[in-house]
Amino acid sequence: MSAYINCYKFTRLFPQSELYGLTSQIRRSSVSVASNIAEGYGRRSKPEYIQFLHIALGSLRELDTQLIIAKEVDLADKNLFTPLLNEVEEMQSILVASLNKLKA
């Protein structure tokens, strides 16, 4: 869950003019990932859980894209993005592996 919290904290470095742009999008995507994992875990059936994990994965891929865009338009020091992007990519790998295991 640290990637989600780190994304939220990281966007504090963005200019105030981005509050309703990428700052908001990144925060919503990161919260959506964690929320969908939690909601899916609380469901009654395995297929429902899998469905929510797919939604979380979609949000995680949105987050990855938004971070790349923020990096390319220089919203913060580009060197600061690398650890965060690595965390997001690691979470994608974990989520894909979990989905594959649940579907097996």
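Residues numbered from 1 in each chain as written. Predicted model: local features only at pLDDT ≥ 70, side-chain atom pairs only at ≥ 80, totals over all residues. Heavy atoms only, no water.

### Quick look at the overall build of the protein
Each helix and strand counted, the protein has 4 helices and 0 strands in total. Shown N-terminal to C-terminal, the secondary structure of the protein runs as helices and strands in the order α-α-α-α. Taking 13 Å as the expected radius of gyration for a compact globule of 104 residues, we find that the protein reaches 14 Å, a close match to that expectation. In terms of principal-axis extent, the alpha carbons of the protein reach across some 45 × 20 × 20 Å. (Helix = DSSP H or I, 4+ residues; strand = E, 2+ residues; numbered from the N terminus. Rg over C-alpha atoms; globule rule 2.2 N^0.38 Å.)

### Some thoughts on the nonpolar core
Side chains that are nonpolar tend, in soluble globular proteins, to be buried together. Residues Phe14, Ile26, Leu60, Leu67 and Phe81 are the most contacted members of the largest nonpolar core, which totals 26 residues. Those elements giving two or more residues to this core turn out to be helix H1 (2–10), helix H2 (22–41), helix H3 (46–72) and helix H4 (78–103). A per-element tally of this core places H3 first, with 8 residues. Apart from the residues within four sequence positions on either side, Ile26 is in contact with Cys7, Thr11, Phe14, Leu63, Gln66, Leu67 and Ala70. (Core = buried A, V, L, I, M, F, W, Y, C linked by side-chain atoms within 4.5 Å. Buried < 20%, exposed > 50% of the residue type's maximum accessible area, 1.4 Å probe, protein only. Contact = heavy atoms within 4.5 Å.)

### Here's the deal with the environment of Leu99
Within the fold, Leu99 resides in helix H4. Each C-alpha atom of the pair Leu99 and Leu57 lies 9.6 Å from the other, and the pair is 42 residues apart in sequence.

### Some thoughts on the packing of H1 against H2
Taken N-terminus to C-terminus, the directions of H1 and H2 make an angle of 160 degrees; their axes are 9 Å apart at the nearest point. The pairing of H1 with H2 is recorded here as roughly antiparallel in orientation. Considering the relative orientation of H1 and H2, their crossing is left-handed. Here H1 contributes Tyr4, Cys7 and Tyr8 to the contact with H2, which in turn contributes Ile26, Arg27, Ser30, Val31, Val33, Ala34 and Ile37. Within the contact of H1 with H2, the residues separate by chemical class into 8 nonpolar, 1 polar and 1 charged. (Axes fitted to C-alpha atoms, helices over the stretch in contact; angles between N-to-C directions. Parallel < 35°, antiparallel > 145°, perpendicular 65-115°, else oblique. Left-handed = near helix turned anticlockwise from the far one by under 90°. Nonpolar A, V, L, I, M, F, W, Y, C, P; charged D, E, K, R; others polar.)

### Some points on the side chain of Asn36
Mapping Asn36 onto the fold places it in helix H2. The exposure class assigned to Asn36 is buried, which follows from its relative accessible area of 10%. Excluding residues that lie within four positions of it along the chain, Asn36 makes contacts with Phe52, Ile55 and Ala56.

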